[in-house]
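Inside the fold
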There are 4 protein chains.
Amino acid sequence: MDLVELERRARTVLTRDAYDYYAGGADDEVTVADNVAAWSRLRLRPHVLRDVSAVTTATTVLGTPVELPVLVAPMAYQRLATDAGEAATARAAAAAGTVMLVSTLATVSLEDVAAAAPQAPRWFQLYVHRDRGWTEELVRRAAAAGYRALVLTVDLPVLGYRPRDERNAFSLPDGLEMANVGRTTADTEDMSALRLYASQEMDAALTPADIDWLRGLVDLPVLVKGVLRGDDARLAVDAGAAGVIVSNHGGRQLDGAVSGADALPDVAAAVAGRAEVYVDGGVRRGTDVVKALALGARAVLVGRPLLWGLACGGEQGAVDVLDGLRAELARALALCGTPTPDDVTRDLIAP
Amino acid sequence: MDLVELERRARTVLTRDAYDYYAGGADDEVTVADNVAAWSRLRLRPHVLRDVSAVTTATTVLGTPVELPVLVAPMAYQRLATDAGEAATARAAAAAGTVMLVSTLATVSLEDVAAAAPQAPRWFQLYVHRDRGWTEELVRRAAAAGYRALVLTVDLPVLGYRPRDERNAFSLPDGLEMANVGRTTADTEDMSALRLYASQEMDAALTPADIDWLRGLVDLPVLVKGVLRGDDARLAVDAGAAGVIVSNHGGRQLDGAVSGADALPDVAAAVAGRAEVYVDGGVRRGTDVVKALALGARAVLVGRPLLWGLACGGEQGAVDVLDGLRAELARALALCGTPTPDDVTRDLIAP
Amino acid sequence: MDLVELERRARTVLTRDAYDYYAGGADDEVTVADNVAAWSRLRLRPHVLRDVSAVTTATTVLGTPVELPVLVAPMAYQRLATDAGEAATARAAAAAGTVMLVSTLATVSLEDVAAAAPQAPRWFQLYVHRDRGWTEELVRRAAAAGYRALVLTVDLPVLGYRPRDERNAFSLPDGLEMANVGRTTADTEDMSALRLYASQEMDAALTPADIDWLRGLVDLPVLVKGVLRGDDARLAVDAGAAGVIVSNHGGRQLDGAVSGADALPDVAAAVAGRAEVYVDGGVRRGTDVVKALALGARAVLVGRPLLWGLACGGEQGAVDVLDGLRAELARALALCGTPTPDDVTRDLIAP
Amino acid sequence: MDLVELERRARTVLTRDAYDYYAGGADDEVTVADNVAAWSRLRLRPHVLRDVSAVTTATTVLGTPVELPVLVAPMAYQRLATDAGEAATARAAAAAGTVMLVSTLATVSLEDVAAAAPQAPRWFQLYVHRDRGWTEELVRRAAAAGYRALVLTVDLPVLGYRPRDERNAFSLPDGLEMANVGRTTADTEDMSALRLYASQEMDAALTPADIDWLRGLVDLPVLVKGVLRGDDARLAVDAGAAGVIVSNHGGRQLDGAVSGADALPDVAAAVAGRAEVYVDGGVRRGTDVVKALALGARAVLVGRPLLWGLACGGEQGAVDVLDGLRAELARALALCGTPTPDDVTRDLIAP
């Protein structure tokens, strides 16, 4: 599974605007690059002389069995990649046996995504809007549609400045809309339409108290996504979060933010097992997944590679990415002498 | 605000001599490059789940309110960039709501700079000349013209060797003069005219006692600019300095000198709140400003980017640079969970 | 001896498939590159004012005298490089006065390799197959043919994914076979034939108990090859291993695994003299050998460079590589003030 | 003084063989490059607010006054660069007010070098040959010719392998000879003639006792050149050395050896003021000289840049290099707030 090559192919398939929206990041894209590099800098110290004749990549996330500790990151606007959009992704995640995180900014409604793969586990990623009534309604819709957890994104009080989208004055093309919101983005002349939307609609005043508020709305566990510090993670868990997702939003928000790989140990130590810890950003290989597990993650989220899979091969393309990562992870677990995700320990990483 | 792109455009607008004078540095320009790289090497650990619905970049410098903790660095010869020179910069700084530091080597007289934006706060950057009588007169002129502080530059006992200016035998073109000094630079055949001037006129014997001397001349606070060590900063504050500016003169004096970003923590620790600490060199992004605040700076000084702004767009070009940095800083503060400059703390920087 | 230049020439001589099989590694080949780079990063602190008029590179390995502490690494498929294959290598090793490690996957039978240089010392590298009866027979054949030690490879429970071989659907060309196994590899359409073979035949359940089992079969010392951690090395020695070979299989198994150079100190400290320690991976210069000795190795194994020698010059080409390394090592020992391998100590390496 | 540009020009003036002999180093030339890079990696923490109106670069070496702490390194074969060879260098060193170290392998006899600048201080660099009688005679000739110290080179028991010279089968061209030895190098077909000479003639059995032996021959102080470790330096000083020169022979002997800049602190600490410490290798700027002084050197030796000066401008070219370094050093001392070499302290270097 050569994801660099897959991205190269996707670039030829997608419009310039769409490719830039998916691939780009904030400012100088220092963090975009560092996310990938941070995993590569780590070195593994594999065990030998351990029976690895029976390897499994299966684990659980919040108690839900998954075939591999790789979840589908919440990503907006998936119909830019393939016509069926988030519905295709939902079927791919189901086929691969993992959880899809569905974005508030999906181009297929959360109900239609659910209907595309009714039996599969799914979590709903939430951007709290200033209109709290509408936000509450959205949360209730997700619960009603069978979503099993809420993933509260906390690193987007304002949208990061993404030079590619600004230059492209990027907005959704005709025929696509933010289906959960029920409208398309504005046509803009000289800025990112999403940045305009975020500045008008998103709530920049979230605090730990909002975790409580969310938990009061529906009976679903809440994960907090976008944490890069142990102290913040502890606050979130104290406020009732069932999980914390270490993330810098794919390098799309604060350029210069620490990578997920580098932030993970601090968060894992602070959480100390009181909640599950996840990480995203730059995961491109099965060995990256092993490194994430070693540093304290329950699972990783993968984003852009699935978009490249969707762009090049639709639903099957996304399945291929997940299956490829599963095969790589199984091989990496065998070669590390750790036949299950639970066997992976901190000292697999060289100091 | 892509300042790299802005510099590229400025390079096409300016004469070779002028561009080289502005862009160049000492010897191999190792420190010029390191100034920018040092900020980029630092990684941020942003906070989340904090109310950042009301962000402000406003702060005070020596008690003077400014709209952003970004001051205009003292730069010589601004009429090389735009015809109105320092007068344009003064109007730009006033429009952006910040303090301009006016150079002894300005190409517009300090009185004319003051007249260009009479209400705005302004500090006078002083090169002490061997002719102490003339220097004293210059200081009194600055006080009379309403300048609110003296910025004593201490890192130029001799001028650094700047290969570009030597190769160009750079001197001021016809029609421009060092307006405070009241004369143009000499025509030279094979060296920098400014280096010749400095070797003949500048005082290489400054000591902390000269801070006392300056304070006795006029009733203005004195800042010391060009400090890169904690022990020197302490001496300056002991001698009565109200502020210390961590600076390697934009890499134009001692090549191989430590960058401002790397020197700042030592200076801030030594000063320990007894005076205000500033830093310059290589600041190109709002996130760089956050990093400087985190490491102990009250504000940063920005230099070359304003020259590129002046060259490409005159006064408005300089306003655009300052406004761009303010917008970036506001976004960075929001994304760091620190709604005001005072909220920024040391631990925002990853160890 | 410029081994980079030698590889360049070999590349023009070999088929693309063969060159890729020899040169390639797992996934992104990060570890392939790091193996070489890790030695280069180390700096030597040579001694002076020591009598080095009589330098010797001679030493012993498991009590067997060798002319230099450089052994021939076990490598599969040597007839891809030169028609006589492993027989040529055996004669070259004998001529150079060192030990050849003969691979289970040789393209000349272990008996024919032995016959090619009957007097020379030789160790047999063993892949334990699931068919333990056949494996036992293989071990007895090696003992009967005069091999003096068994080298148990423990880092190949599954074959690493090697993109070059997968792309080439690499299998042995007509006329070549795995001579010890008595068959050729399968023809495959879209994967490495060796990976298919390994997945079907190799035993992924090895534990320290298998070292005991091996020692019970024949009266030969057992070395364990593929160890990268001190704790694993200690387990192997506790189970009766006479030696441990620090190796990541030339970067061909787990990409991102720590280099031999970086793993060696931990292993040497854990073994603490209870067994001999060897290392392979990236050794290209006599100074690399000195570095390995300084970090605790008894000797190094060299692999790919011998294949380039075989490809460019057959048996004599391999002799030239070994003689070249011996000359470089002798010079390096003289320049380090350490006239024999035993004089090399840890503090030759700069901290 | 742009020494990189000067080398570029010298390359066009010199024969390929001569340029390669001067510029080249051992094996992969890792240490050649690291010598220069090691100084560049260091960062300076200059002092300000110190009176530097009177700067001097003058100092003493072994009690001899010199105008600058930059000596002329001993270099063989200077007539390859300019017809007058070492005589030109002697006049240049005298003009610049510093000490020349004259090589055993000079192409002008030590007596003729002395006659070229009779009043100037000069040290004789000694390679001890196996023929001790001849070596003794050479030492007595140096004393008789007024040389003031012996510089015993200890890092050349054998000659390093220098690929450029081997490829060129480099030997002295017709008309040039090793004038002290009284003969030319052999014509060789496929190796460096100097390596052949060294292997036949040089003594590889030097020990600290030979320092005693040398001191008994003539009444001159002995410096030991080629030390890279504190323990060796201490042995040399215990044996009576008046000085130690930290050097890896310009990267020409042991590739991968630590740079002079990186080895200097350990040596300076071990010697602890009991002898003078010098350093060479990669010094290209006045700021490099300051760094060397800060790390404990009394002075530096400069080599290759003088050859480029000789090649481009003969005697005057060498004077220009020394004068250029003196001017750079004076400027660097002023900008560091350290008006004399003795004012330079360890903490000028950033940790």
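Our structure's up above, just so we're on the same page.
Rules behind the numbers
- Residues numbered from 1 in each chain as written.
- Chains lettered and ligands numbered in written order.
- Predicted model: local features only at pLDDT ≥ 70, side-chain atom pairs only at ≥ 80, totals over all residues.
- Heavy atoms only, no water.
- Salt bridge = Lys/Arg side-chain N within 4 Å of Asp/Glu carboxyl O.
- Helix = DSSP H or I, 4+ residues; strand = E, 2+ residues; numbered from the N terminus.
- Buried < 20%, exposed > 50% of the residue type's maximum accessible area, 1.4 Å probe, protein only.
- Contact = heavy atoms within 4.5 Å.
- Axes fitted to C-alpha atoms, helices over the stretch in contact; angles between N-to-C directions.
- Parallel < 35°, antiparallel > 145°, perpendicular 65-115°, else oblique.
- Left-handed = near helix turned anticlockwise from the far one by under 90°.
- Pairing = 2+ DSSP bridges.
- Least-squares fit on C-alpha atoms with pLDDT ≥ 70 in both.
- Buried area = accessible area lost by both parts, 1.4 Å probe.
- Polar contact = N/O pair within 3.5 Å; in protein donor to acceptor, adjacent residues only side chain to side chain.
- Patch = residues over 30% accessible without salt bridge, like charges linked within 9 Å, V, L, I, M, F, W, Y side chains within 5 Å.
- Areas by Shrake-Rupley, 256 points an atom, 1.4 Å probe, with all protein chains shown as cover.
- Lys, Arg positive; Asp, Glu negative; His and termini not counted.
- Charge placed at Lys NZ, Arg CZ, Asp CG, Glu CD.
- Arc of directions from axis to C-beta.

Counted by the stated rule, this structure contains 107 salt bridges over all chains. Notably, a salt bridge pairs Asp323 of chain B with Arg326 of chain B, separated by 2.9 Å at the nearest N-O pair. With Asp323 of chain B and Arg326 of chain B both in helix α13 (residues 304-335) and three residues apart, the pair spans about one turn of that helix. Across the pair Arg285 of chain C and Glu328 of chain C runs a salt bridge whose closest N-O atoms are separated by 2.8 Å. In this pair, Arg285 of chain C sits in the loop between β9 (276-280) and α12 (286-294) while Glu328 of chain C sits in helix α13 (residues 304-335), placing the two residues 43 residues apart along the sequence. The class for Arg285 of chain C is buried, based on a relative accessible area of 9%. In the salt-bridge network here, residues are joined through shared partners; they are Arg16, Asp20, Glu29, Arg164 and Arg167 of chain A.

The least C-alpha distance between chain B and chain C, which are not in contact, is 22 Å. If you take every C-alpha in chain A and every C-alpha in chain D, the smallest gap between them is 22 Å, and the two do not touch.

For the rest of this paragraph, the subject is the packing of helix α10 (residues 230-238) of chain C against helix α11 (residues 260-271) of chain C. All names here are of chain C. Two numbers describe how α10 lies on α11: the axes approach to 8 Å, and their chain directions differ by 40 degrees. One way to sum up the angle between α10 and α11 is to call them oblique. The handedness of the crossing between α10 and α11 is right-handed. Of the residues in α11, those in contact with Gly230, Ala233, Arg234 and Val237 of α10 are Asp266, Val267, Ala270 and Val271.

So, about the pairing of strand β7 (residues 222-227) of chain C. All names here are of chain C. Most of β7 sits inside the fold, with six of its six residues counted as buried. Relative to β7, strand β6 (residues 149-153) runs parallel, the two sharing four bridges. Residue pairing across strands places Val151 opposite Leu223, the latter belonging to β7. Pairing of β7 with strand β8 (residues 243-246), which is carried by four bridges, proceeds in the parallel orientation. Within β8, the residue paired with Val224 across the bridge is Val244.

Expressed as a screw transformation, the operator carrying chain B onto chain D has a rotation angle of 90 degrees and an axial translation of 0.0 Å, and the superposed copies differ by an RMSD of 0.0 Å. Interpreted geometrically, this transformation is the action of a four-fold axis.

A few words on the interface of chain B and chain D. Contact with chain B, which involves 34 residues of that partner, is made by 22 residues of chain D. Taken over both partners, the interface formed by chain B and chain D buries close to 2300 Å², and the fraction arising from carbon and sulfur atoms is 59%. It is Arg229, Asp232 and Leu254 of chain B in chain B that bury the most area against chain D; as a group they hold 26% of the surface buried on that side. At the boundary of chain B with chain D, the tally comes to four salt bridges. At the junction of chain B with chain D, the criterion picks out 13 residue pairs in polar contact (both at pLDDT 80 or more). In terms of residue count, helix α10 (residues 230-238) of chain B provides more of the side of chain B that touches chain D than any other element does, four residues in total.

Attention shifts here to a negative patch on the surface. Together, Asp174, Asp187, Glu189 and Asp190 of chain A make up a negatively charged patch on the protein surface. Structurally, Asp187 of chain A can be placed in the loop between α7 (163-168) and α8 (193-201).

Each partner contributes residues to the interface: chain D has 34 residues there, and chain C has 22 residues. Per-residue buried area on chain D facing chain C is highest for Arg229, Asp232 and Leu254 of chain D; these three make up 26% of the total on that side. Linking chain D with chain C are four salt bridges, by the criterion used here. Note that Asp347 of chain C and Arg229 of chain D form a salt bridge whose closest N and O atoms lie 2.6 Å from each other. Put simply, chain D and chain C have 13 residue pairs in polar contact (both at pLDDT 80 or more) between them. For the side of chain D that touches chain C, the secondary-structure elements that each account for two or more residues are α3 (30-41), β7 (222-227) and α10 (230-238) of chain D.

Let's shift gears to helix α1 (residues 3-13) of chain D. Residue and element names in this part refer to chain D. Among all positions of α1, only Leu3, Leu6 and Ala10 are buried. One side of α1 holds all its buried residues, which, seen down the axis, span an arc of 50 degrees. In α1, the exposed positions angled more than 90 degrees off the buried face are occupied by Val4, Arg8, Arg11 and Thr12. Buried positions along α1 lie against α13 (304-335). In this structure Asp2 caps α1, since a side-chain oxygen of it lies 3.1 Å from the backbone nitrogen of Val4.

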